[in-house]
Structures are given as C-alpha cells and as structure tokens.
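Below are the chains, spelled out letter by letter.
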Amino acid sequence: MLESIVPVWPPSKEIRHASMKLNVIVDLDQIASRMVNSPRPVTTLLSHTDVSQSFDNWILKREGSDCNRHVLLPERVDPLNLPPDRGRFRWLKQSYVPTLQKLGEWRIILVDCQPLWVVHTAPGNAEAEWVFLHRDAGLSLAEMSLRMRKPYVFDDIMDPVGGTLSERRQADQELESFAIAVLNQLIWLEEKSLGAPSSMRLMVRLDLGVMHGPDGQLGYFINEVERGMGIGLFSTGNPRWTLRLADEFGVLNDGCWASVDGIVPFKRGHNGRVRDVIASCIIRNMFEVEVAVVQTWCRV
C-alpha cells in the first residue's frame, strides 16, 4: 500500500471513513443533541422500496461525492425514478433547509483548531454560479432572527449596515466559538472510532449554515466537513487567502508530524519545503484539478 512507502495526508483510513457521509452526519447529530440551540436537518438513508414516502421539502445527496455534485433539490426529485446506490456509496434523504439557498454558507478554515479566515459563499444569479464574500462584519444569531421575522433579502442578513465594532466582534466570536466547540467534539468522536489521530487537528474546513429548530429558534449548524485537498476550494475569491493558508499550515510542520497516523517526522528546517508542497496542492485545487492523494517526501 502507498502509505507503507511514503507519507500520505490525510490518512486513507480517515478519508474512507469520511467519504461515508452518514458516519459524519451521525456524529454531528450526536454533538448537536448535547448543545444548546443547535438545530440539525433530519437525515436518513434513502429507501428504494418504500412507495409511501414523501419527498416534499426533502433533498437527496450521495455519499462519496463533493462540491454540490449528486445533490438533488426538492424540485428535481422524481419519486418514480430514484437514483441507485453506487457500490458502497449510498443516497441519503435530508430535510430541505431553505436558508442554505437564500443566504448561503460560511466556509471556515481552521488551522490547529483555530479559525484562520471565513469566506461566505452564496448562490449567484446564474445556475451553478457562486459569489464569494470575505466575512468581516457579521450579525449575531439574535440580530439575524429579528431581521428574518419580516420579509428580507440577502443583503439584510449578509451585508449588514451599522452596529458598533463591539457588536460585530461579538457576532463573529459567536460564529467562531460554535465552530471550535463542534470541531473539538467531532475530533474526539472520530479519534475514538478510528483509534488514530485525526487530520482535522491540523487543518479542516467547516461549512456552516443557519436554520430554525423545532422550537423556532435560529441556530448555526454544520452542513459539511471538508478535509485534505478540498479545504482550499473556496479560497478562489482571493489568492492571498491561499498563500496565507499555506504559510500557516507550513508553520505546524516546523517540528514534526509524528503525532499524525501515516505521517513521518520532519526535521526542523524543512518547513519551507512543506509549505511549497501544500501551497502547490491548494493552488491546484483552486483551478479545480482533482488530486486523489498528496505525496510529500522529506529527507530525515
């Protein structure tokens, strides 16, 4: 196996586990059940035999897929022609969250379990078009909830005007503290399951949305967890974000990666080379070149 010859990050065992999306969703549901005001969409395996099931306000999404591929919104679901499972990857049925389409998502990249930067993406006017905005002045959940009680447009929530600097900082802290809290618990659950350190300790991207829970309260929820090559996908909005990400990630490798399963130690002084490799990998991703495995060599 490749990993017995060269270091591979993230380890293939972790990637295979994460590719079965229901594994991660079950963990996120468990975490949300222990948190205050943490709503979650309902997710189940798609049944190909239950003719009585309803698809009103449900979407379909497939495991082993990414970047909005293999996602069917309610208007595209044909109950008489359901998509078949492919190999070990299954189709999931998930309750529709309208705010994901109307407001978009916050893509938070975390390095060493701390937020590096936040990019807000929203659907554009054309099909498959995305708008990239750097979040620098967000609203708190309470403020968003208040504005959403009456008819609103995108800019009312995502491009706020006014508010003190302290209020905007508190809103950003609310978003980031939620992401950190969920990430720490997700790492613990995954490491317990796999019996090995998670690559998310080094770097991960969490995609957050907002939705109303059963009690009517507005809350954040994790829509996707991205690791490996997909982390830098939404940095295309500004190439400087990619370079900063590469530098920040490279600093973590100034000592060694011995604590990560499948990664060999790096001696001090090699971090520059690692930064170059990571930077080139992320830039490849920016131009949507799909890379299955990243190989990193270092003389030790």
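The preceding data block contains the structure.
A brief structural summary. (Residues numbered from 1 in each chain as written. Predicted model: local features only at pLDDT ≥ 70, side-chain atom pairs only at ≥ 80, totals over all residues. Heavy atoms only, no water.)

1. Some details on the overall build of the protein
Test applied: Helix and strand assignments follow DSSP, with helices taken as H or I runs no shorter than four residues and strands as E runs no shorter than two, numbered in order from the N terminus. Note on contacts: a residue pair qualifies if any of its non-hydrogen atoms lie within 4.5 Å across the two residues. Areas reported here follow the Shrake-Rupley algorithm with a probe of radius 1.4 Å; residue values treat only the protein chains shown as occluding.
Along the protein, the regular secondary structure elements total eight helices and nine strands. Restricting the contact set of the protein to residue pairs at least 6 apart, pairs at least 24 apart contribute 66%. When the accessible surface of the protein is summed, it comes to about 15600 Å², and 53% of that surface belongs to carbon and sulfur atoms.

2. Some remarks on the packing of aromatic side chains
Just so we agree on the cut-off: Side-chain rings of Phe, Tyr and Trp (the six-membered ring for Trp) are treated as a pair once their centres are within 6.5 Å; stacked means planes under 30 degrees apart, edge-to-face means over 60, and tilted covers the remaining angles. In this scheme, Lys NZ or Arg CZ marks a charge over a ring once it lies within 6 Å of the ring centre and within 35 degrees of the ring normal.
Taken as a whole and judged by the stated rule, the model has two aromatic pairs. Between F178 and Y220 the ring centres are 6.0 Å apart and the planes differ by 40 degrees, which places this aromatic pair in the tilted class. Of this pair, F178 sits in helix α6 (residues 165-194) while Y220 is found in strand β9 (residues 218-226), placing the two residues 42 residues apart along the sequence. In textbook terms, an aromatic cluster arises when at least three aromatic residues are bridged by ring pairs, as seen for W106, F178 and Y220. Here the basic side chain of K93 rests over the ring of W58, its NZ or CZ set 4.8 Å away from the ring centre. Over the ring of Y152 we find K102; its NZ or CZ atom is 4.0 Å from the centre of that ring.

3. Digging into unusual backbone geometry
Where we set the bar: Each residue is placed in one exposure class: buried if its accessible area under a 1.4 Å probe, protein chains only, is under 20% of its type's maximum, exposed if it is over 50%, and partly exposed if it falls in between.
Even without being glycine, H70 reaches a positive phi, approximately 55 degrees. Summarising the element assignment, H70 is placed in the loop between β2 (58-62) and β3 (71-72). When its relative accessible area of 36% is taken as the criterion, H70 is described as partly exposed. A positive phi is found at C113, a non-glycine position, where the angle reads about 65 degrees.

4. Quick notes on the sheet that holds β2
Rules: Whether two strands pair depends on DSSP finding at least two bridges between them. Interaxial angles span 0 to 180 degrees and are taken between N-to-C directions of axes, which are lines fitted to C-alpha atoms, for helices over the stretch in contact.
Pairing in this open sheet of four strands is antiparallel, and the strands run β1-β4-β2-β3 from one edge to the other. Across the chains shown, the open sheet's two edge strands, defined by having one partner strand only, are β1 (43-45) and β3. With three bridges joining them, β1 and strand β4 (residues 91-95) adopt antiparallel strand pairing. If you follow L45 over to β4, its bridge partner there is L92. Along the sheet face, helix α2 (residues 21-33) touches β1, β2 and β4 and points at about 30 degrees away from the line of β4.

5. So, the packing of α2 against α6
Applicable threshold: Angle categories: roughly parallel below 35 degrees, roughly antiparallel above 145, roughly perpendicular from 65 to 115, and oblique for all the rest. Left-handed is the label given to a crossing in which the near helix is rotated counterclockwise from the far helix by less than a right angle, and right-handed is the label when the rotation is clockwise. Note on residue categories: nonpolar means Ala, Val, Leu, Ile, Met, Phe, Trp, Tyr, Cys or Pro, charged means Asp, Glu, Lys or Arg, and polar means any other residue, Gly included.
Running from amino to carboxyl end, α2 crosses α6 at an angle of 125 degrees, the nearest separation of the two axes being 10 Å. Classed by the angle they form, the pair α2 and α6 counts as oblique. For the pair α2 and α6, the crossing hand works out as right-handed. Across the interface between the two elements, D27, L28, Q30 and I31 of α2 pack against V182, Q185, L186 and L189 of α6. Within the contact of α2 with α6, the residues separate by chemical class into five nonpolar, two polar and one charged.

6. Focus: the pattern of salt bridges
Here is the rule we go by: Criterion for a salt bridge: a side-chain nitrogen of Lys or Arg within 4 Å of a carboxyl oxygen of Asp or Glu.
Going through the model one piece at a time under the given rule, you end up with eleven salt bridges. Here D29 ties to R40 by a salt bridge, and the two come within 2.9 Å at their closest N and O atoms. On the criterion of sequence distance, the pair formed by D29 in helix α2 and R40 in the loop between α2 and β1 is long-range, its members being eleven residues apart. Under the relative-accessibility criterion, D29 is labelled partly exposed at 26%. Close ionic contact of E63 with R90 constitutes a salt bridge, the shortest N to O distance being 2.9 Å.

7. What to know about the side chain of E14
Position of E14 relative to the elements: it lies in helix α1 (residues 12-19). What E14 contacts, discounting residues up to four positions off in sequence, is E190, L194, P197, S198, S199, M200 and R227.

The quantities given are spatial measurements derived from coordinates; they are silent on function.
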